[in-house]
Amino acid sequence: MKAFNIFLSAVLMFAVPALNSSAAENKGAVDDLKRQLYSKLRGADPNGTNKYHIDLYFSPIHAMRAYTELLRWSEQPGMPISQAEELQAIVSMGLRAVYRDSGVGVPMENGGAISVVFDYSLPRYTRPLTDNHPETKHWNQLNMKRQTGAAGIGQSLAAKALWLRTVGDEGSDEILHSLLGELGIVTTPPFISRTAHTLVPEEVAWEAGQWRVRKHVSRLRSQASLLIGLLETKKLLDAPGALQTEIADIGRLRTTVDNAVATLFRGIVEKHRDPDTGALVGVFDPESGRGDRILIEDLGLAAEALGNLASTDKGELAAEARRVLRQQAEFVRRSLPEGQLAPRGWFIPTGAPWRGSITTLSEQMAAMMVLVEAAGVLGEEGYLESARHLHAAMEEPLWVESAGLYRSAVGFKMSSYDGYLFGTILGLLRRTEGTGLLANIDAAHYLETVLITAGLLQAEGPESGEPESPESLIDREINGLVAELLKLENEKDRRDRIQTFISHVIDQDGDTVPGIRFGGDVYGGAPVLVNQTGIKTPYQTNKTTNEEGDTP
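Below is a summary of the structure that appears in this document.

The rules we used
- Residues numbered from 1 in each chain as written.
- Predicted model: local features only at pLDDT ≥ 70, side-chain atom pairs only at ≥ 80, totals over all residues.
- Heavy atoms only, no water.
- Helix = DSSP H or I, 4+ residues; strand = E, 2+ residues; numbered from the N terminus.
- Rg over C-alpha atoms; globule rule 2.2 N^0.38 Å.
- Buried < 20%, exposed > 50% of the residue type's maximum accessible area, 1.4 Å probe, protein only.
- Contact = heavy atoms within 4.5 Å.
- Areas by Shrake-Rupley, 256 points an atom, 1.4 Å probe, with all protein chains shown as cover.
- Lys, Arg positive; Asp, Glu negative; His and termini not counted.
- Charge placed at Lys NZ, Arg CZ, Asp CG, Glu CD.
- Core = buried A, V, L, I, M, F, W, Y, C linked by side-chain atoms within 4.5 Å.
- Pairing = 2+ DSSP bridges.
- Salt bridge = Lys/Arg side-chain N within 4 Å of Asp/Glu carboxyl O.
- Phe/Tyr/Trp six-rings, centres within 6.5 Å; stacked < 30°, edge-to-face > 60°.
- Lys NZ or Arg CZ within 6 Å of the ring centre and 35° of its normal.
- Expected span 1.5 Å × (residues − 1).
- Axes fitted to C-alpha atoms, helices over the stretch in contact; angles between N-to-C directions.
- Parallel < 35°, antiparallel > 145°, perpendicular 65-115°, else oblique.
- Left-handed = near helix turned anticlockwise from the far one by under 90°.

**Quick look at the overall build of the protein chain**
Okay, step 1: Each helix and strand in the protein chain was counted, giving 17 helices and 20 strands.
Okay, step 2: Over its C-alpha trace the protein chain gives a radius of gyration of 25 Å, about what one expects of a compact globule, namely 24 Å for 552 residues.
Okay, step 3: Expressed along its principal axes, the backbone C-alpha trace of the protein chain runs to roughly 85 × 65 × 45 Å.
Okay, step 4: Relative to its full complement of 552 residues, the protein chain shows a buried share of 57%.
Okay, step 5: Sequence separation of 24 or more characterises 72% of the internal contacts of the protein chain that already satisfy a separation of 6 or more.
Okay, step 6: When the accessible surface of the protein chain is summed, it comes to about 22900 Å², and 49% of that surface belongs to carbon and sulfur atoms.
Okay, step 7: If the 55 positive side-chain charges of the protein chain are averaged to one point and the 72 negative ones to another, these points end up 3 Å apart.

This is how it looks when you write it as structure tokens:
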């Protein structure tokens with residue numbers, strides 16, 4: 001709670017009411033104290049004071065990626081039930097906040113929930129919240145882009161399908177209907193055609209009740225995201241008893257998904273694969289053809305999709321997915337010299353590395369994902385050995401012992417962690433367990449640091465232990481507070497006690513994540529993951545001067 005005191009010392013500059021031993025005489029003072037508490041709490045935003053949020057917006061590309069990996073992590077063997085339930089609660093309240101409450105997407109035909117969520121919106125409330133009235137939880141409709149694409153839809157499908165298959169509770173119907181609405185949209189033009197090896201446009205906009213294509217180009221990472229989402233949907237539809245609600249004509253729906261998976265996968269191979277190296281190129285333009293670069297972050301997600309397909313399908317597609325996955329791993333292994341960090345990508349046809357102005361953690365984790373996924377799916381130890389060489393090269397420039405995690409780029413003393421990177425690392429921790437890779441990352445510490453302490457999770461609701469109503473708490477405990485204040489002799493002690501009380505109102509379960517009423521702006525913020533937050537990753541302190549070194 002120490003962090004909140006910084007915020008409170010600036011906010012609680014009001015006069016402590018004069019109190020005496022008579023309850024009757026204290027009534028006016030108590031009422032005055034309550035009024036001042038309510039006044040100072042309105043618009044309280046501890047996140048803005050105590051955390052280093054970099055991007056306060058919501059994007060399914062980041063949040064749904066993280067939600068999917070949180071659900072997968074909650075299913076790890078040996079995971080304590082209480083911890084698994086806590087992670088699942090974070091995902092459950094986030095999905096409901098997006099699809100039931102936000103309104104920042106394409107509305108369902110029957111109203112209420114939305115199907116496709118837009119790629120960019122501000123998860124802040126625009127009116128006072130009222131308990132048990134979801135209609136008061138609308139997000140800021142002015143700060144959103146009415147567009148989406150394969151990346152956001154794919155990550156969204158994956159998170160919803162996995163949630164329905166592994167968690168599913170009394171809110172399953174609305175999430176299922178949302179998934180079906182999303183699936184219906186993505187399996188019809190201008191998305192996936194049933195007659196050709198086509199790819200989903202990079203960006204489409206919702207205008208006048210219909211989709212209009214804004215960017216015809218295909219981005220490998222976006223296609224891989226959608227393929228992952230479709231494969232998770234396939235697992236849901238094929239799992240006996242996974243659905244609590246009966247779906248009409250489920251056989252036809254399974255066929256639709258199977259056709260979409262085959263169409264999308266073959267489109268990726270046909271349009272993105274470089275014929276000379278076998279590696280998948282980052283961009284395909286219908287007018288100019290394949291781009292001139294292989295992008296490592298795109299390859300990382302493509303490897304996940306290929307491994308998923310190889311494990312989900314049992315026929316020709318699975319065999320082809322294994323061949324393509326091997327080609328990606330072989331390309332990375334021969335293009336990445338031992339002892340060197342991964343570049344941003346490679347040029348075609350020279351194979352020369354393409355390096356950005358900074359060397360990022362995302363690039364290293366993506367390269368490791370290609371190798372680790374291939375090792376797991378193909379059963380070849382050599383790929384794991386290459387991943388170990390990369391891991392060793394990462395240690396000196398990127399590992400921060402004092403923080404217990406990696407800095408987000410070489411030289412960064414303040415690291416940026418977004419939902420996509422957070423999910424990638426969590427996925428790697430799951431895949432590398434028992435191999436010695438990434439053993440320096442303590443998973444519990446990583447989750448606590450990025451998700452909770454740094455504030456990737458913006459706010460909490462009742463699902464994860466944070467009651468919505470500060471008024472109820474104040475009404476219930478105000479008399480006890482007054483009784484304690486009566487026992488304190490000087491004003492400073494009384495102010496300190498009030499500070500402690502206010503911090504309890506803002507964060508009732510004491511985990512440093514505020515309740516939704518205090519998630520940001522005047523009326524609070526939704527209990528969802530924001531796009532990006534910052535974490536201090538200092539270099540080793542010079543003990544003589546007590547100054548941070550400027551170089552690693």
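From this point, the discussion proceeds with the structure in view.
**Here we look at the nonpolar core**
Okay, step 1: Core analysis: the biggest nonpolar cluster contains 145 residues, and Tyr67, Leu226, Tyr406, Tyr417 and Phe422 have the highest contact counts within it.
Okay, step 2: When residues of this core are assigned to their parent elements, the largest contribution, 13 residues, is made by helix α12 (residues 361-378).
Okay, step 3: Within the second largest apolar cluster, 17 residues are counted, among which are Leu41, Leu481, Leu485 and Ile506.

**What about the sheet that holds strand β7 (residues 203-207)?**
Two pairing modes exist for strands in a sheet, parallel and antiparallel, and in both the strands are linked by backbone hydrogen bonds.
Okay, step 1: If you trace the three strands from one edge of the open sheet to the other, you get β6-β7-β8, paired in antiparallel fashion. At either end of the open sheet lies a strand with only one pairing partner, and these are β6 (147-148) and β8 (210-215).
Okay, step 2: Direction of pairing for β6 relative to β7: antiparallel, over a ladder of two bridges. Its bridge partner being in β7, Thr148 is matched across the sheet by Val204.

**Section: the pattern of salt bridges**
Okay, step 1: Tallied over the entire structure, the rule returns 33 salt bridges.
Okay, step 2: For Glu232, the salt bridge identified is with Arg165, shortest N-O distance 3.1 Å. Taken together, the residues Glu232 in helix α8 (residues 220-238) and Arg165 in helix α6 (residues 150-166) connect sequence positions 67 residues apart.
Okay, step 3: Classification of Glu232 by relative accessible area gives buried; the value is 1%.
Okay, step 4: Accessibility expressed as a relative area gives 31% for Arg165, which makes it partly exposed.
Okay, step 5: Of the charged contacts in the structure, one is a salt bridge between Glu297 and Arg221, with a shortest N-O distance of 3.5 Å. With Glu297 in helix α10 (residues 296-312) and Arg221 in helix α8, this residue pair connects regions lying 76 residues apart in the sequence.

**So, the packing of aromatic side chains**
Okay, step 1: What the rule picks out here adds up to eight aromatic pairs.
Okay, step 2: Measuring from centroid to centroid gives 5.6 Å for Phe58 and Trp139, while their planes differ by 75°, and the two rings are edge-to-face. Here Trp139 lies in strand β5 (residues 139-145) and Phe58 lies in the loop between β1 (52-55) and α4 (60-74), a separation of 81 residues in the sequence.
Okay, step 3: For Phe58, a relative accessible area of 0% gives the class buried.
Okay, step 4: The buried category is assigned to Trp139, whose relative accessible area is 0%.
Okay, step 5: Between Trp399 and Tyr406, the ring centres sit 4.9 Å apart and the planes meet at 70°, which makes this aromatic pair edge-to-face.
Okay, step 6: The class for Trp399 is buried, based on a relative accessible area of 14%.
Okay, step 7: On the basis of relative accessibility, which here comes to 1%, the residue Tyr406 falls in the buried class.
Okay, step 8: These aromatic residues form a ring-pair network of at least three members: Tyr417, Phe422 and Tyr446.
Okay, step 9: The positively charged end of Lys145 is found above the aromatic ring belonging to Tyr120, 5.4 Å away from the centroid.
Okay, step 10: Here the guanidinium or amino end of Arg221 rests over the ring plane of Tyr420, the centre of that ring lying 5.1 Å away.

**A closer look at the pairing of β8**
Okay, step 1: Here β7 pairs with β8 via five bridges, running antiparallel. Bridge pairing in β8 places Glu207 opposite Gln210.
Okay, step 2: Where β7 folds back on β8, the antiparallel hairpin that results is connected by two residues, among which Ala208 adopts a positive phi of roughly 55°.

**Quick word on helix α13 (residues 381-398)**
Okay, step 1: Helix length check: α13 (18 residues) gives 25 Å between terminal C-alpha atoms against 26 Å at 1.5 Å per residue, within 8%.
Okay, step 2: When we look at burial in α13, the residues that qualify are Tyr383, Leu384, Ser386, Ala387, Leu390, His391, Ala393, Met394, Pro397 and Leu398.

**Description of the environment of Ile348**
Okay, step 1: In this structure, Ile348 sits in the loop between β13 (345-347) and β14 (353-354).
Okay, step 2: When the C-alpha positions of Ile348 and Leu122 are compared, they lie 39 Å apart, and in sequence the two are 226 residues distant.

**Side note on the packing of helix α7 (residues 172-186) against α8**
Okay, step 1: Orientation of α7 relative to α8, taken along the N-to-C sense of each, is 130°, at an axis distance of 12 Å. The angle between α7 and α8 falls in the class oblique. Both α7 and α8 take part in a crossing whose hand is left-handed. The residues of α8 that touch α7, namely those facing Leu179, Leu183 and Val186, are Leu226, Leu230, Thr233 and Leu236.

**Thoughts on the packing of helix α11 (residues 316-335) against α13**
Okay, step 1: Running from N to C, α11 and α13 point in directions that differ by 40°, and their axes come no closer than 11 Å. Classed by the angle they form, the pair α11 and α13 counts as oblique. Here α11 runs over α13; the crossing is left-handed. Note on element contacts: α13 touches α11 through Gly382, Tyr383 and Ser386, opposite Arg326, Ala329, Glu330 and Arg333.

**What about unusual backbone geometry?**
Okay, step 1: Cis geometry is found at the peptide bond from Ile348 to Pro349, where omega equals 10°.
Okay, step 2: Take Pro349: it is sitting in the loop between β13 and β14.
Okay, step 3: Of note, the phi angle at Thr512 is positive, near 80°, even though the residue is not glycine.
Okay, step 4: Mapped onto the elements, Thr512 comes out in the loop between α17 (491-506) and β18 (532-536).
Okay, step 5: Unlike most non-glycine residues, Asp521 shows phi in positive territory, near 60°.
Okay, step 6: Its place among the elements puts Asp521 in the loop between α17 and β18.
Okay, step 7: Of the residues examined, Asp521 reaches a relative accessible area of 40% and is grouped as partly exposed.

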